[in-house]
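Residue-level listing of the chains:
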Amino acid sequence: MAKAMTKSKLVETIAERTNITKSRAEEVVNTIFDTMADAMSRGEGIEIRGFGSFTIRSYEGYTGRNPKTNTPVEVKPKKLPFFKVGKDLKDLVASKAHIPLPEDDDDDDDDKSDDNDGGDDEL
Amino acid sequence: MTKQEIIESVYAKVGGFSKKEAQDIVEAIFETMKETLANGRKLKLSGFGNFVVRDKGKRPGLNPRTKEKIVLDARRVVRFRPSPVLKAMINGEKAPDSDE
């Protein structure tokens, strides 16, 4: 339960669930995320009803400062994908909010901070 | 881009499925992703990004329009953190050597 769902576990689950081979399931999973990444790299948004939507936000460049050395740092303009959770998924997640979250099973730093996402997790 | 276009892309690029089969499999994938997150599990899609579920405590806030003090309720949210590969693609840069 507490283990993260990785792409390869997703592939296995889908193979079982839809009765296709793992290699076919893998092709489909890869095609889906490649298709989505391609759309976003064209600047296109994606809407998956019930799951959520992705939009591309543009950020202007600015001169930052390294807080340790106080040296100015040029931050270039960039684009980042922004995910907004869909109503179905949002309600589903909220409906289980009384159940404690499972322990993390890895040491990724991908969820330690909220510093890199514009701050507004809910629009 | 909509889910329908993703289904069509799967149908066109992965041979051997009928449109109905392609649709059923794509739906099953998003359903599985939803169930995973509903159970509070992390979803790690290498090369694309990670979806994580976080609990947010209740906190004081302001109504941005009236500046009135309000209490924002505790809630459970889904966050997406794009992988370095996806970020590079979106910015038209060369993908970094390693993902994650």
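So, how was this worked out
- One numbering rule holds for all chains: residues counted from 1, following each sequence as written.
- Labels follow written order: the first chain is A, the first ligand is 1, and so on.
- Where local features are concerned, this predicted model is filtered to residues with pLDDT of at least 70; where side-chain atom pairs are given and counted, the filter is 80 or more; whole-chain, interface and lining totals use all residues.
- Hydrogens are left out, water is left out, and the side-chain values use all remaining heavy atoms of the structure.
- To define a nonpolar core, start from buried Ala, Val, Leu, Ile, Met, Phe, Trp, Tyr and Cys residues and group those joined through side-chain atoms within 4.5 Å.
- Only protein chains enter the area calculation, which uses a 1.4 Å probe; residues under 20% of their type maximum are buried, those over 50% are exposed, and those in between are partly exposed.
- Under the scheme used here, helices are H or I runs from DSSP no shorter than 4 residues and strands are E runs no shorter than 2 residues, and both carry numbers assigned from the N terminus.
- Working rule for contacts: check all heavy atoms of both residues, and any pair within 4.5 Å makes them a contact.
- Helix axes use the C-alpha atoms of the stretch in contact, all axes being lines fitted to C-alpha atoms, and the angles between their N-to-C directions lie in the range 0 to 180 degrees.
- The labels follow the angle: roughly parallel below 35 degrees, roughly antiparallel above 145, roughly perpendicular from 65 to 115, and oblique for the rest.
- Left-handed describes a crossing whose near helix is turned anticlockwise from the far helix through less than a right angle; right-handed describes the clockwise counterpart.
- Each residue receives one of three labels: charged for Asp, Glu, Lys and Arg, nonpolar for Ala, Val, Leu, Ile, Met, Phe, Trp, Tyr, Cys and Pro, and polar for the others, Gly being one of them.
- By definition, the buried area sums, over both parts, the 1.4 Å-probe accessible area that each loses when the two are put together.
- We define a salt bridge as a side-chain nitrogen of Lys or Arg found within 4 Å of a carboxyl oxygen belonging to Asp or Glu.
- Two N or O atoms count as a polar contact when they lie within 3.5 Å, although within protein this holds only if one can serve as hydrogen donor and the other as acceptor, and sequence-adjacent residues are included solely when both atoms are side-chain atoms.
- We call two strands paired when DSSP finds no fewer than two bridges between them.

Caption draft 1: The nonpolar core, seen in detail. By size, the foremost hydrophobic cluster in this structure holds 47 residues, and its most contacted members are I32(A), M36(A), M33(B), F48(B) and F51(B). In terms of residue count, helix α2 (residues 22-41) of chain A provides more of this core than any other element does, 9 residues in total. Excluding residues within four positions of it along the chain, I32(A) makes contact with I6(B), V10(B), V26(B), I29(B) and F30(B).

Caption draft 2: Representation of the packing of α2(A) against helix α1 (residues 3-13) of chain B in the model. It is the contact of α2(A) with α1(B), at a shortest axis distance of 9 Å, that shows an interaxial angle of 125°. Taken together, the axes of α2(A) and α1(B) lie oblique to each other. The chirality of how α2(A) crosses α1(B) is right-handed. Packed against α2(A), whose contacting residues are V28(A), T31(A), I32(A), T35(A) and M36(A), the element α1(B) presents I6(B), S9(B), V10(B) and K13(B) at the interface. Residues belonging to the contact of α2(A) with α1(B) are distributed by class as follows: 5 nonpolar, 3 polar and 1 charged.

Caption draft 3: Representation of the interface of chain B and chain A. The partner chain A presents 65 residues to the 54 residues of chain B that form the contact. When chain B packs against chain A, close to 5,800 Å² is buried across both sides, 63% of that on carbon and sulfur atoms. It is M1(B), R76(B) and I90(B) in chain B that bury the most area against chain A; as a group they hold 14% of the surface buried on that side. Counting across the interface, chain B meets chain A through 2 salt bridges. Notably, a salt bridge pairs K34(B) with D88(A), separated by 3.1 Å at the nearest N-O pair. Where chain B touches chain A, the interface holds 19 residue pairs in polar contact (both at pLDDT 80 or more). Among the secondary structure elements, those contributing two or more residues to the side of chain B that touches chain A are α1, α2 (19-38), β1 (43-45), β2 (49-56), β5 (75-82) and α3 (84-90) of chain B. It is α2(B) that contributes the most residues to the side of chain B that touches chain A, 13 residues altogether. Tallied by class, residues from the side of chain B that touches chain A come to 26 nonpolar, 11 polar and 17 charged. The pairing of strand β1 (residues 5-6) of chain A with β1(B) spans 2 bridges and is classified as parallel. Residue pairing across strands places M5(A) opposite L43(B), the latter belonging to β1(B).

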